[in-house]
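A closer look at the structure
The chain contents come next:
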Amino acid sequence: MGLLIFQFVPPFLRHYFPYFKNKSDDILRNIEFINQRMDAIIKRRREEIENTPLDKPLSNDLLTSIITANTPRDINYNKIDDKEVTRPMTDSEIRVIIFDGIIAGTDTTANTISFIVYYLAHHPDVKRKMLNEIDRIFQGDKTRPITENDIHNLKYCEAIVKEVSRIFSVANSFSRCLEKPDEIAGYQWPADTIIRINIDAIHNNEEYWDEPDKFNPDRWMVEGFEPKKNSFIMFGGGLRVCPGRKLAMIELVCLMVLLFRKYDIDLIDKKAPLKTESSIITACTELLVEIKLRN
Ligand code: HEM
């Protein structure tokens, strides 16, 4: 709603029509609150970094990496000779990056894991195969940290993430604006036309996918399999492709391991349809599950 009101409701209505004014004022107050909180967090971390001697390690997290980028703490410091590209980032730039990550990277992964749980419950053969992979790699150890090597070996888990996202993508569309007039699908379009690219339609198109309606993670396991160009766009594509795609994949595969190596998760009601609501993303509105410790 926040995004939509500023995109579609003209400033006059937002400034003078009480219904829209109250809504937009509310959102602006929330943004102000979030900005202040984030600025305080950034300031505190900057101070911690500045108070840590150069030869002592820093904590290994995104905020620290962004603050130290292009400073002597950065392993790539001085490797590029362009002063504008290589200056450290200001607090407001850092805030925007972190905010973008929270906005774009929270609901997307959270809803995708819900869809994964739903599809696994409906495909016991796939779930069994996934558990075999997890048990083979972790040998029944339910607590050891997941390593980078494990992530590379969890191929079937990755195939499940891709297949769930192909058949039920959390991002249902994304947009592009034409810079100049162009022909698309046999029609002429003027410059500045906004095109919405329908991810679901492309992921379910028979021209690109064999049996598109079939939930089949094994299609991703075939040696050398690559989807046709631009036919798998869960993360968009081109210059504006999702910058969090690798992080998202790692998060989702790790979450699958953390949940399923320790717990048996099933749906309370297998006959209930997946309840969702679609706007900018498709969100899961309810998923009742039963969680038991695995033997
Ligand atoms: C399952 C998880 C995710 C999905 C399905 C997803 C999907 C997408 C899609 C479809 C786009 C539009 C790309 C385009 O226009 O070509 C996008 C953009 C973006 N995503 Fe993600 N995303 C996910 C997770 C994340 C995470 C974890 C982060 C960061 C922590 C992130 C940050 C962003 C940002 C900042 C953009 C805007 C990029 C731009 O406009 O240049 N996303 N994402």
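What you see is a predicted model; the values in this text were computed from it and never measured. Starting from 1, residues in each chain are numbered consecutively following that chain's sequence as written. Predicted model: local features are reported for residues with pLDDT of at least 70 only, side-chain atom pairs are reported and counted for 80 or more only, and whole-chain, interface and lining totals are derived from all residues. For the side-chain quantities, the full set of heavy atoms in the structure was used; hydrogens and water were omitted.

1. A closer look at the overall build of the protein chain
Just so we agree on the cut-off: Numbered from the N terminus, helices here are DSSP runs of H or I no shorter than four residues, and strands are runs of E no shorter than two. The rule is simple: take the accessible area with a 1.4 Å probe, protein chains only, and divide by the maximum for that residue type; under 20% is buried, over 50% is exposed, in between is partly exposed. Throughout, the Shrake-Rupley method with a 1.4 Å probe supplies accessible areas, and for residues the shown protein chains are the sole cover considered. By the counting rule applied here, Lys and Arg register as positive and Asp and Glu as negative, while His and the ends of each chain are not counted. Charge coordinates come from a single atom per side chain, which is NZ of Lys, CZ of Arg, CG of Asp or CD of Glu.
The helix and strand inventory of the protein chain stands at 11 helices and 8 strands. Dimensions of the protein chain, computed from C-alpha atoms along their principal axes, come out at roughly 60 × 50 × 40 Å. Going through the 295 residues of the protein chain one by one, you find that 32% of them count as buried. Total accessible area on the protein chain is roughly 19600 Å²; 56% of this is exposed by carbon and sulfur atoms. Separation between the mean location of the 41 positive side-chain charges and that of the 45 negative ones in the protein chain comes to 3 Å.

2. A look at the UniProt feature "binding site: heme" (unreviewed entry) in the protein chain
Note the following rule: UniProt positions are given in the numbering used here, feature names are shortened, and annotations may be inferred rather than shown by experiment.
Feature annotation in UniProt assigns "binding site: heme" (unreviewed entry) to the following positions: C242. With respect to the secondary-structure elements, C242 resides in the loop between helix 10 (199-203) and helix 11 (245-260).

3. What to know about the domain arrangement of the protein chain
Note the cut-off: Domain borders in the structure are assigned automatically or taken from a domain database.
Here the protein chain is described as being made up of domain 1 (2-104) and domain 2 (114-293). The C-alpha centroid of domain 2 is placed 28 Å from the C-alpha centroid of domain 1.

4. Section: the pattern of salt bridges
Applicable threshold: Salt bridges are counted wherever a side-chain nitrogen of Lys or Arg sits within 4 Å of a carboxyl oxygen of Asp or Glu.
Applying the stated criterion across every chain, the model contains 17 salt bridges. Ionic pairing is found between D61 and R45, a salt bridge with its closest N-O pair at 2.9 Å. Taken together, the positions of D61 in the loop between helix 3 (18-50) and helix 4 (62-68) and R45 in helix 3 put the pair 16 residues apart, joining distant regions of the chain. With a shortest N-O distance of 3.4 Å, D266 and K270 are connected by a salt bridge. Assessed through its relative accessible area of 23%, D266 is described here as partly exposed. In this structure, a network of salt bridges that share partners links the residues R45, E48 and D61.

5. Regarding the site of the ligand
Convention followed: Distances are taken per atom, and a residue is near a molecule or strand as soon as one of its heavy atoms is within 4 Å of it. Within 3.5 Å is the distance limit for a polar contact, defined as a pair of N or O atoms, with the added protein rule that one can donate a hydrogen and the other accept it, and that residues adjacent in sequence qualify only through two side-chain atoms. Any residue that is not Ala, Val, Leu, Ile, Met, Phe, Trp, Tyr, Cys, Pro, Asp, Glu, Lys or Arg is counted as polar, Gly included; the first ten are nonpolar and the last four charged.
Neighbouring residues of the ligand: 23 residues in total, closest G105, R176, G237, R240 and C242. At a separation of 3.5 Å, a nitrogen atom of the ligand approaches a polar backbone atom of A104. Contacts to the ligand include R176, whose side-chain N or O atom sits 2.6 Å from an oxygen atom. Secondary-structure elements contributing two or more residues to the shell around the ligand are helix 5 (91-105), helix 6 (107-122), strand 1 (173-177) and helix 11. Residues that form the shell around the ligand fall into these classes: 12 nonpolar, 8 polar and 3 charged. In terms of domain composition, the shell around the ligand takes at least three residues from each of domain 1 (2-104) and domain 2 (114-293).

6. Topic: the packing of helix 9 (residues 155-167) against helix 11
Here is the rule: Only the stretch in contact is used when a helix axis is fitted, and all axes are lines through C-alpha atoms; the angle between N-to-C directions ranges over 0 to 180 degrees. Handedness of each helix crossing follows the sense of rotation of the near helix against the far helix: counterclockwise by less than a right angle gives left-handed, clockwise gives right-handed. Between two residues, a contact is recorded if the distance between any of their heavy atoms is within 4.5 Å.
In the contact formed by helix 9 and helix 11, the axes pass within 10 Å of each other and the chain directions differ by 115 degrees. Considering only the axes of helix 9 and helix 11, their crossing is right-handed. Contacts between helix 9 and helix 11 involve C157, E158, I160, V161 and K162 from the first element and M249, L252, V253 and M256 from the second. Within the contact of helix 9 with helix 11, the residues separate by chemical class into 7 nonpolar, no polar and 2 charged.

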